[in-house]
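# Observations on the three-dimensional arrangement
Each chain is listed here by its residues.
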Amino acid sequence: MKLSEVQKILQAEVLCGEESLDLELDTACGSDLMSDVLAFTKRGALLLTGLTNAQAIRTAEIADIKAVVFVRGKRPDEGVIKLAESKNIPILATRFLMFESCGMLYENGMVGVSQLKEAVGDG
Amino acid sequence: MVEESSIFGKGFTVRGGDFANAGEVSCKVRNILKEIGINSDIIRRVAIVAYEAEMNVVMYAREGTLSFEVTPDRIKLVMEDEGNGIENIELAMQEGYSTATDEIREMGFGAGMGLPNIKKNSDDFKINSIVGKGTRVEVTIST
Ligand SMILES: Nc1ncnc2c1ncn2[C@@H]1O[C@H](COP(=O)(O)OP(=O)(O)OP(=O)(O)O)[C@@H](O)[C@H]1O
Ligand SMILES: [Mg+2]
């Protein structure tokens, strides 16, 4: 799913990385716990999180996460947006809650990490 | 720790409690490995190991040094800190075990997954700790 579709589905505001809306995302992961993100995501994923600090951005970079969506109407401060810009990680913000956001993306065809694994494993 | 066959090696200081910069050292390591041209799946594993170890020093220790060394067949990472150390390593290695404070949890950490994540991403993993002195984590990832 393209990041531009994610934006449309979640009626999200683009906080940075407007030029990257063409990005293709293989899978998504929703979590506020960064070690869980590192343990259970795959490269190229979209991260949905309510955590709006610098750690969300650094975790995304470390895990090769392509883009981040902040849920529940949470807004990061300016420094976090600058950090994401410097790392070339687009960030979006949606007013929908975590459950709603994940549900809406899932309904529109975004798959989870375990499904991705199966799809690859079973050929 | 720099060996003759070493392609690249470097050490960085990590300060305990420095949440503003927490993780940046690992981001730097990741970028250096990218520049050297290491395989991206390997880089991801090294970066996760470095990041989890760095966050642990920021959260639980006073100061640490993260050094890494690249040789033709492997990458070795050592995180050594001065701090309170870990009393029961077996317990600390269990998924879900954490002594994180509420403050740390609000920052997105404290799942008790860091050390297990480090081990899972390593080909060789060693941890030593002396209570009241500090902790040393040594990881090797074959390339
Ligand atoms: N460098 C360290 N110095 C002292 N104690 C440590 C150190 N690293 C880990 N610990 C102890 O071991 C516990 C488990 O560490 P681990 O990294 O697995 O989980 P966590 O840091 O609590 O949570 P997470 O890593 O998921 O954010 C910590 O809660 C802490 O008590
Ligand atoms: Mg940890």
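Notes on the structure follow. Per chain, residues are indexed from 1 in the order of the written sequence. Each chain gets a letter, beginning with A, and each ligand a number, beginning with 1, in the order they are written. Under the rules for a predicted model, residues below a pLDDT of 70 receive no local features and side-chain atom pairs below 80 are neither given nor counted, while totals for whole chains, interfaces and linings still include all residues. Each side-chain value is derived from all of the structure's non-hydrogen atoms; neither hydrogens nor water enter the calculation.

The subject of this paragraph is the interface of chain B and chain A. Between two residues, a contact is recorded if the distance between any of their heavy atoms is within 4.5 Å. Between chain B and chain A, the residue contacts involve 27 residues of the former and 22 residues of the latter. Buried area: the accessible area, evaluated with a 1.4 Å probe, that two parts lose upon being put together, summed over both parts. When the buried area of chain B at its contact with chain A is split by residue, Arg-30, Arg-44 and Tyr-51 of chain B rank highest and sum to 30% of it. What counts as a salt bridge is simple: a side-chain nitrogen of Lys or Arg found within 4 Å of a carboxyl oxygen of Asp or Glu. Inspection of the region where chain B meets chain A yields five salt bridges. Taking the shortest distance from any N to any O, the salt bridge between Asp-64 of chain A and Arg-30 of chain B comes out at 2.7 Å. Nitrogen and oxygen atoms within 3.5 Å of one another constitute a polar contact, given that in protein one can donate a hydrogen and the other can accept it, and given that sequence-neighbouring residues count only through two side-chain atoms. The interface formed by chain B and chain A includes 17 residue pairs in polar contact (both at pLDDT 80 or more). Elements represented by at least two residues in the side of chain B that touches chain A include exactly helix H1 (24-36), helix H2 (40-60) and helix H5 (114-120) of chain B. With eight residues, H2 of chain B is the single largest residue contributor to the side of chain B that touches chain A. In the scheme used here, Gly and all other residues not listed as nonpolar or charged are polar, with Ala, Val, Leu, Ile, Met, Phe, Trp, Tyr, Cys and Pro taken as nonpolar and Asp, Glu, Lys and Arg as charged. Residues that form the side of chain B that touches chain A fall into these classes: twelve nonpolar, eight polar and seven charged. Starting at the N terminus, helices and strands are each numbered in turn, a helix being any DSSP run of H or I of at least four residues and a strand any DSSP run of E of at least two.

Residues and elements named next belong to chain B. By definition, two strands form a pair when at least two bridges between them are found by DSSP. Here five strands make up an open sheet; going across it, the order is E1-E2-E3-E5-E4 and the pairing antiparallel. Sheet topology places strand E1 (8-15) and strand E4 (124-130) at the edges, where each strand pairs with a single neighbour. Averaged over neighbouring strand pairs, the angle between their axes works out to 10° when direction is ignored. Inspection of the sheet shows strand E2 (residues 61-71) paired to strand E3 (residues 74-83) by ten bridges, in the antiparallel sense. Within the sheet, the bridge partner assigned to Glu-69 lies in E3 and is Lys-76. Across the sheet, H1 touches E1, E2 and E3, and the angle it forms with E1 is around 165°. Lines fitted to the C-alpha atoms define the axes, with helices restricted to the stretch that makes contact. Angles between their N-to-C directions range from 0 to 180 degrees.

Turn by turn, an α-helix covers 3.6 residues, leaving residues three or four places apart pointing in a common direction. Residue and element names in this part refer to chain A. When helix H4 (residues 78-86) is considered as a whole, its buried residues turn out to be Val-80, Ile-81, Leu-83 and Ala-84. Around the axis of H4, the buried residues are gathered within 160° of arc, so they sit on the same side. More than 90 degrees from the buried face of H4, the exposed residues found are Glu-78, Lys-82 and Ser-86. Each residue is assigned to one of three classes by its accessible area relative to the maximum for its type, calculated with a 1.4 Å probe on protein chains only: buried under 20%, partly exposed between the two thresholds, exposed over 50%. An arc is given here, and it is the one of the directions from the helix axis to the C-beta atoms.

Take empty space enclosed by the protein next. All names here are of chain B. Using a 1 Å grid laid over the protein atoms alone, points where a 1.4 Å probe fits but cannot get out form a cavity; open sets with protein on both sides within 12 Å along at least 5 of 7 lines form a pocket; any residue with an atom within 4 Å of a point counts as lining. Grid points are joined across faces, edges and corners, and a volume is the space filled by probe spheres set on the points. On inspection of all chains with the given rule, the structure shows one cavity of 30 Å³ or more. Computed from the structure, the largest cavity encloses a volume of approximately 30 Å³. Around the largest cavity, the lining residues are Val-49, Ala-53, Leu-66, Leu-77, Val-78, Met-79, Val-137, Glu-138 and Val-139. If you list the elements that add at least two residues to the lining of the largest cavity, you get H2, E3 and strand E5 (134-142). A per-class count over the lining of the largest cavity returns eight nonpolar, no polar and one charged.

This part covers the side chain of Glu-54 of chain B. Within the secondary structure, Glu-54 of chain B is located in helix H2. Nearest to the buried, unbridged Glu-54 of chain B among oppositely charged side chains is Arg-58 of chain A, at 7.3 Å. What Glu-54 of chain B contacts, discounting residues up to four positions off in sequence, is Val-14, Asn-21, Ala-22, Gly-23, Glu-24, Val-25, Ser-26 and Met-79 of chain B. The positive count covers Lys and Arg only, the negative count covers Asp and Glu only, and His and the chain ends enter neither.

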